[in-house]
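# A look at the structure
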Amino acid sequence: MRLPKTAHTSRSWRVHEITEDFDLEDVWDLPTPGGPDDLAQLVQQFTSPGKDPVVLRALFALRWKLGGLFGWDRPSSGVGERVRSLRERLPADLLEAPRGPDLRAVPGREDAGGPPIFSSVYQTHDEWVAELSNKTVHTVMHIGWVRDDSGNGYHAQMAVLVKPNGRFGKAYMAAIKPFRYALVYPSLLRSIGRHWQKAQAAG
């Protein structure tokens, strides 16, 4: 379920300290009911290769093909090249803490042996932050672990923050917006929910 942006901005997340120059694009509730200490399990699910819906794989495969054709994803456009990593902005306590795992494979691009797709910035008990950069945009994915409105359980929220790369990046974000809302996010959320349910049932 898509949430108002205040669902992210009203919380005292540490990510606010390093993303003042990013725009908050979306906030989503994730179908991941659990206990207070389950964020690490969800991060492990995110960063482990798995089987994803055909629609999601096809959409991401198309994106990577276009990126290869137009040179959007060249190493020179990545984190540490076109943009500096957000790890350079971290306060000392986060910089010295465990960084968290990188996301090395996504649907349509199962090159788990190559450089990470999303590079982890930091992970705490209730936050995981990862970043991606290409020719179009510098993107931050924030996964926060929050208490349910009922107060009886917990689940994850996902926020997507972006810094478009000039006019081209803004045009790109506008062009893909209908596809993200109509196809990508619904398929992604269903996939996350199914994988979470299977993991919970197994263990």
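The structure this text deals with has already been given above.
What comes next is a walk through the structure. Because the structure is a prediction, the values reported are computed rather than measured.

The next thing to look at is the packing of helix α2 (residues 39-47) against helix α5 (residues 166-202). Running from amino to carboxyl end, α2 crosses α5 at an angle of 120°, the nearest separation of the two axes being 11 Å. On the basis of the axis angle, α2 is oblique to α5. When the axes of α2 and α5 are compared, the crossing they make is right-handed. The residues of α5 that touch α2, namely those facing Q41, L42, Q45 and F46, are I192, H195, W196, A199 and Q200. When grouped by side-chain class, the residues that make up the contact of α2 with α5 number five nonpolar, four polar and no charged.

Below, the discussion takes up the pairing of strand β4 (residues 137-147). For β4, a buried count of 10 out of 11 residues is recorded, marking the element as mostly surrounded by other parts of the structure. In terms of strand pairing, strand β3 (residues 127-133) meets β4 through seven bridges, oriented antiparallel. Within the sheet, the bridge partner assigned to V129 lies in β4 and is H142. Here β3 folds back onto β4, and the loop between the two strands holds three residues. Pairing of β4 with strand β5 (residues 154-164) involves 11 bridges; the strand directions are antiparallel. Bridge pairing in β5 links V146 to H155. Here β4 hands over to β5 after six residues, with G151 in that stretch at a positive phi of 80°.

Our next topic: the packing of aromatic side chains. Under the criterion given, the structure shown has five aromatic pairs. A ring pair is formed by W28 and Y185, whose centres lie 4.6 Å apart and whose planes are at 35°; its orientation type is tilted. Note that W28 is positioned in strand β1 (residues 23-29) and Y185 in helix α5, a separation of 157 residues in sequence. The residues W28 and Y185 share a single accessibility class, namely buried. An angle of 55° between the planes, with centres 6.0 Å apart, marks the rings of W145 and W196 as tilted. Linking W145 in strand β4 with W196 in helix α5, this pair joins segments that are 51 residues apart in sequence. Across this residue pair, the class does not change: W145 and W196 are buried. A connected cluster of aromatic rings, assembled from ring pairs, spans W28, Y181 and Y185. Directly above the aromatic system of Y181 lies the positively charged group of R180, at a separation of 5.2 Å from the ring centroid.

What counts, and at which threshold
Residues numbered from 1 in each chain as written. Predicted model: local features only at pLDDT ≥ 70, side-chain atom pairs only at ≥ 80, totals over all residues. Heavy atoms only, no water. Axes fitted to C-alpha atoms, helices over the stretch in contact; angles between N-to-C directions. Helix = DSSP H or I, 4+ residues; strand = E, 2+ residues; numbered from the N terminus. Parallel < 35°, antiparallel > 145°, perpendicular 65-115°, else oblique. Left-handed = near helix turned anticlockwise from the far one by under 90°. Contact = heavy atoms within 4.5 Å. Nonpolar A, V, L, I, M, F, W, Y, C, P; charged D, E, K, R; others polar. Buried < 20%, exposed > 50% of the residue type's maximum accessible area, 1.4 Å probe, protein only. Pairing = 2+ DSSP bridges. Phe/Tyr/Trp six-rings, centres within 6.5 Å; stacked < 30°, edge-to-face > 60°. Lys NZ or Arg CZ within 6 Å of the ring centre and 35° of its normal.

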